[in-house]
Amino acid sequence: MIRVLDPGPQTTIQDLGRAGHLREGIPPSGPVDVRAFVIANRLVGNPDGAAGLECTVMGPRFTVEQVCAIAVTGGEAAVTVNEATAPQWATLVLKPGDTVRVGSARHGVRLYVALSGGIDVPRVLGSRATYLRGRLGGLDGRALRRGDTLRLAPHTGPRRPRRLAAAEIPVLEAEPEIRVVLGPQAERFTEDGLHAFLSSPYAMLPQSDRMGARLHGARVAHAKGHDIISDGIALGSVQVPGDGQPIVLLVDRQSTGGYTKVATVGSFDIGRVGQVKPGQRLRFRAVDVAEAHRLRSEFERSLAQAAGGGVSR
Amino acid sequence: MALCVELGDEISVEVNTRVRALEYLIQQKALTGVAETVPTFRSLLVYYDPAQIGYDALCAALGALAERADTAVLPPARLVELPCCYDPEMGPDLVAAAERLQMTPDELVRAHSGAEYLVYFVGFTPGLPYMAGVPERIQLPRLTTPRVKVPPGSAGLGGAQFCIYSVESPGGYWLLGRTPVRLYDPEAAEPTLLRAGDRVRMRPIDRAEFDSIAASVAQRAYAPVIA
């Protein structure tokens, strides 16, 4: 059992998400930064999809009431166990009464806490992921509150404490280059607008959330109107409303929408978008579909090997 | 990874029927590598796994299915009857809409509840149906200033479309009434009620019946009539 002393601004239970319900308007949810989430699970000997915590900007403070292992990954933050500094990207073995504090992210936005066994909440539509706007999944469809208690499922995986190799810890660079495939409505923008999109930096706005990353920078100008007949919105769709400012749609996105979409961010770069802090900038680079597929399989291959590979479910 | 199949460039029952038929054919065929589909007015978003099917092979397979995608392949649609209270308190735009259409509120209610609607697709928010079938004589352009908050269950008219808000959200449609039935209930085994392709009818109810149905809905003791 875990007792939440201080939840942090927005800490939710997530697993790898709820597939198959976008046609009902229900997004997949799940972690924004899948790589960091999966590695955290592997470090505590969990299956990749075990339910853990996603924290935004700042982590929680909690006490454990049983022997367990945890790992904190994602953005860079101070982690302490009973006030003593503890490493990120490493297995931390805890005993009953230990108090963990995950501080503010110095770099990055999303922090992940995996707990051995995984958090035991009921599956809703096949998943434990929290969808806040729909009040679905996780802990009664909401973020954690002070005083919440979380039960852990029995832990059956390996128990050897590990630390991720330094080379595998992501560098959260100042201005990441995010790879996109242009379309499906790229032809609705002016040449100058497309040029601006691919050549100038865009700053993350503070109103960004799990639904979408709102950016601010050079106007991505439309050639013939910003409205289309509403159609489906993919993970990473870059929607551009009338103000010419791009929005990258993320894991809690609306399933459909009526704004033009200039491009789609490859799934392999979604986690990197999600770690860009408000005020920090990113750049877009166009790749073709074949290159995007190559980058995706490279991402999957590298993830399959990260932290010593996955544990069977 | 996802690709978007466009089957037309207009909002019409014909084009949307082809979209739904294409989705149905993909489901029937259990097309390898297709993870999830999202039908909309005139396009189908297809999520796929490039490790299982290449882009060109998927385009070819979808192209072949699209040729066969028409009404004939679809199974019979469900008919869902939803009670709707057209009380001005529930439908704050009823009187103004009737005035603008140069009819009485009663005539507007009769016209709206006399029509049968088709769910083009469900989306934007969980369980929200975008529907066709608004009689021409009651079509109105959307409100010039959208409301910041529309309560769930509100029945709204906007142009040739009819929608029922599924969660509290902003909205620019004329609100004629409200159904006590939940189109989205996160605690139900099946959280969303309506599906693309459903036919929908609204049954006028008074305030007393609204309250009584709302009470059974709250106790999860109410099931709408589905034929």
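Residue positions are counted from 1 within each chain, in the order its sequence is given. Just so you know, chain letters begin at A and ligand numbers begin at 1, following the order they were written in. Reporting in this predicted model follows two pLDDT cut-offs: at least 70 for local features of residues, and 80 or more for side-chain atom pairs to be given and counted; totals over whole chains, interfaces and linings ignore these cut-offs and use all residues.

**Considerations on the pairing of strand β2 (residues 11-14) of chain A**
Residues and elements named next belong to chain A. Spelled out, the test is: Backbone-placed C-beta atoms define the burial measure: a residue is buried with 20 or more other C-beta atoms within 10 Å of its own, exposed with 12 or fewer, and partly exposed in between. Only DSSP runs of H or I with at least four residues qualify as helices, and only runs of E with at least two residues qualify as strands; both kinds are numbered from the N terminus onward. The rule for pairing is simple: two strands pair if DSSP sees at least two bridges between them.
Judged by which residues are buried, β2 turns out to be covered on both faces: Thr 11 and Ile 13 on one side and Thr 12 and Gln 14 on the other are all buried. With four bridges connecting them, β2 and strand β3 (residues 52-56) associate as antiparallel partners. Note that in β3 the partner of Gln 14 across the bridge is Gly 52.

**Structural notes on the domain arrangement of chain B**
Residues and elements named next belong to chain B. Worth spelling out the cut-off: Note: domain ranges come from an automatic or database domain assignment. All amino acids are sorted into three groups, where Ala, Val, Leu, Ile, Met, Phe, Trp, Tyr, Cys and Pro are nonpolar, Asp, Glu, Lys and Arg are charged, and the leftover types, Gly among them, are polar.
Here chain B is partitioned into domain 1 (2-73) and domain 2 (79-226). Of all the secondary structure elements, the ones that give two or more residues to the side of domain 1 that touches domain 2 are α1 (13-29) and β2 (34-39). Examining the composition of the side of domain 1 that touches domain 2, we find that three residues originate from one element, α1, more than from any other. In terms of residue class, the side of domain 1 that touches domain 2 is made up of four nonpolar, two polar and one charged.

**Some details on the interface of chain B and chain A**
To keep things clear, this is the line we draw: Contact criterion: two residues are in contact if their C-beta atoms, reconstructed from the backbone, are within 7 Å.
Chain B puts 28 residues into the contact, and the matching count from chain A is 26 residues. For the side of chain B that touches chain A, the element with the highest residue contribution is β2 of chain B, accounting for five residues. In terms of residue class, the side of chain B that touches chain A is built from 19 nonpolar, seven polar and two charged.

**A word on the sheet that holds strand β14 (residues 237-239) of chain A**
All names here are of chain A. To be explicit about the condition: Comment: axis = line fitted to C-alpha atoms, over the contacting stretch for helices; angle = value between 0 and 180 degrees taken between N-to-C directions.
Strand order in the closed barrel formed by seven strands is β10-β17-β14-β15-β12-β11-β18, and the pairing between neighbours is mixed. Averaged over all neighbouring strand pairs, the angle between strand axes comes to 40 degrees, with direction disregarded. Summarising the sheet, strand β11 (residues 202-204) and strand β18 (residues 281-286) pair through two bridges and their orientation is antiparallel. Pairing of Ala 203 across the sheet is with Arg 281, part of β18.

**A few points about the environment of Ala 19 of chain A**
Along the chain, the position of Ala 19 of chain A falls in the loop between β2 and α1 (34-43). Remark: the alpha-carbon pair of Ala 19 of chain A and Gly 30 of chain A, spanning eleven residues in sequence, is separated by 9.8 Å. Other than its neighbours up to four places away in sequence, Ala 19 of chain A contacts Pro 28 of chain A together with Ala 35 and Glu 36 of chain B.

**A short note on the domain arrangement of chain A**
Frequently, the measure chosen for interface size is the accessible area removed from exposure when the parts meet. Residue and element names in this part refer to chain A. You can read the domains of chain A as domain 1 (2-168) and domain 2 (177-306). The distance between the C-alpha centroids of domain 1 and domain 2 comes to 27 Å. Elements with a minimum of two residues in the side of domain 1 that touches domain 2: α1 and β8 (99-115). Here the element with the most residues in the side of domain 1 that touches domain 2 is α1; it accounts for five residues. Of the residues belonging to the side of domain 1 that touches domain 2, the class tally is eleven nonpolar, six polar and five charged.

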